[in-house]
Amino acid sequence: MPHITVGPDGPAIDVPPGETIVEGLRRVGWRARYRCRGGGCGICKCPLVDGAVTYPGPVAESALSAAERSAGLCLPCQAVPLGDVVIEQRGRPLRPMLASAPRVAAPIREEK
Amino acid sequence: MSVIRLGYVHVRVTDLARARDHYQNTLGMDAVHEEDGRVYLKSWDEDNHHSVVLEEGGVGLVKFGYKVTGEDSLAALENRVAGFGATAERMSKGDNAGVGDGLRVTLPSEHVLELYSEVEYLGTKVGKINPDPWPRTGLRGIGVPRINHALITTEDPALLERFFAEVLGFRPAERLVSGDEPGDLVGSWMFCGENPHDIAFVNGPNGKLHHFAYQIDDWSALLRAGDVMSMDEVPIDFGPARHGITRGGTIYFFDPSGNRNEVFSGGYRTGADFRPITWTMDQAARGINYTHREIDQDFLQVVT
């Protein structure tokens, strides 16, 4: 299972393969700073200190530009770890929370 | 010429299929027209061709349209815009599916606002003869009846308020101020008919969208909308709560691309003799979320 370490003094957790960083943290009771959870608003953007992530879902260029990706930033609401990762949340402490995970991997419904 | 209402909001979405699912199945709008990379949608209680356009690629506002009465020539309106020092160009019938000739204005806040009086009439789902209060069949999800307003951000709220007042005849219903000087305007909620607001703007980056809103019947419709959002795993920003400003009930939420939507209920009636309400910055949180009296800073900062 990919291991996520949140710096500088945040938790270290394991997440199931395929889960985003935000969702993984939520599942074990931590709320990172995020808003839209759709890769559009960019407020969750933070340094990816170590490791690699992939983005199965859409990410707006205005939320995370190619240059920002190259500069080592990531968008935790959409980023899925490819192995162990370290992200930096200095100045944006996680909040403890009880969150319910999505019950289904929201499929796109038939148009009615 | 007078402005009747917000007619349409045209937004970018990163994934058109997911956006369609949200606007059609969660909100309950109907697709009325499609062209390459764009879907035009209408709510069930709206008469005109469309009220939302989704365009694939990115996020944020492409433009929005306000319907105007047709007695003035576009030339007169164009002169007023030019007299203010803003720019406008003519738009032609067919530039927007179903919409006639009009004027495309670049606001002092860099947003593109289109004014038009002719638009294809499609009619509501309940018709105009002995109608039911809502359609017995065919509603999906929340079943939003109509769009209501948009809130945008601007580097210069005072300038934009003056534009909407002097060029388009809007009046402020509520104003958020940080002091007594004209330049101390932080936000303004302005109306063109008798709504508490048809456009609102707060201080922030030019050209950005904070949210656009759908009007729904009442508090219980709002709570039911929240149920549908939970069923459909829609990210909530805040609510259900009451606004101090406009007194409306609200839930803010996000479409799958990260554009903020709102369902809005209630509010009060304004009119040509309405005297604006003032909110001071120390009570801004109560103004926005009267129930909780605190708002996350990200609510103010997140725009698309």
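Below you will find a few notes about this structure. (Residues numbered from 1 in each chain as written. Chains lettered and ligands numbered in written order. Predicted model: local features only at pLDDT ≥ 70, side-chain atom pairs only at ≥ 80, totals over all residues.)

Observations concerning the overall build of chain B
Reasoning step 1: Across its full length, chain B holds six helices and 17 strands.
Reasoning step 2: Computed over its C-alpha atoms, the radius of gyration of chain B comes to 18 Å, within 12% of the 19 Å expected for a compact globule of 304 residues.
Reasoning step 3: Across the 304 residues that make up chain B, the buried fraction comes to 48%.
Reasoning step 4: Put simply, of all contacts in chain B between residues at least 6 apart along the chain, 66% involve residues at least 24 apart. (Helix = DSSP H or I, 4+ residues; strand = E, 2+ residues; numbered from the N terminus. Rg over C-alpha atoms; globule rule 2.2 N^0.38 Å. Buried ≥ 20, exposed ≤ 12 C-beta atoms within 10 Å, placed from the backbone. Contact = placed C-beta atoms within 7 Å.)

A look at the interface of chain A and chain B
Reasoning step 1: Taken together, the contact between chain A and chain B spans 20 residues of the former and 24 residues of the latter.
Reasoning step 2: Of the residues belonging to the side of chain A that touches chain B, the class tally is nine nonpolar, four polar and seven charged. (Nonpolar A, V, L, I, M, F, W, Y, C, P; charged D, E, K, R; others polar.)

Observations regarding the sheet that holds strand E8 (residues 112–116) of chain B
All names here are of chain B.
Reasoning step 1: Spatial strand order, E2-E3-E4-E1-E5-E8-E7-E6: eight strands in an open sheet with mixed pairing. In this open sheet, the two edge strands, each paired with only one partner strand, are strand E2 (30–35) and strand E6 (87–91). Shown here is a sheet whose adjacent strand axes are inclined to one another by a mean of 20°, direction ignored.
Reasoning step 2: One ladder, built from five bridges, connects E6 with strand E7 (residues 102–106); its direction is antiparallel. Counterpart to arginine 90 in the pairing with E7 is leucine 103.
Reasoning step 3: Sitting on the sheet, helix H1 (residues 16–26) touches strand E1 (3–13), E2, strand E3 (38–42) and strand E4 (52–56), and the angle it makes with E4 is about 160°.
Reasoning step 4: Packing against the sheet, helix H2 (residues 74–84) makes contact with E6, E7 and E8, and its axis sits at approximately 10° to E7. (Pairing = 2+ DSSP bridges. Axes fitted to C-alpha atoms, helices over the stretch in contact; angles between N-to-C directions.)

What about the sheet that holds strand E1 (residues 3–7) of chain A?
Sheets are built from strands that pair by backbone hydrogen bonding, the pairs being arranged parallel or antiparallel.
All names here are of chain A.
Reasoning step 1: Across the sheet, five strands lie side by side as E2-E1-E8-E4-E6; this open sheet has mixed pairing. Of all strands in the sheet, those bounded by a partner on one side alone are strand E2 (12–14) and strand E6 (73–74).
Reasoning step 2: Sheet analysis places strand E4 (residues 46–50) next to E6, joined by two bridges and oriented antiparallel. Pairing of cysteine 46 across the sheet is with cysteine 74, part of E6.

Digging into the pairing of E3 of chain B
Looking along a regular strand, one sees the side chains alternate between the two faces of the sheet.
Residue and element names in this part refer to chain B.
Reasoning step 1: With four of its five residues buried, E3 lies for the most part within the structure.
Reasoning step 2: The hairpin turn running from E2 into E3, its antiparallel successor, is two residues long, and glycine 37 in that turn takes a positive phi close to 75°.
Reasoning step 3: Two elements, E3 and E4, share four bridges in a ladder whose sense is antiparallel. For leucine 41, the partnering residue across the bridge sits in E4 and is valine 52.

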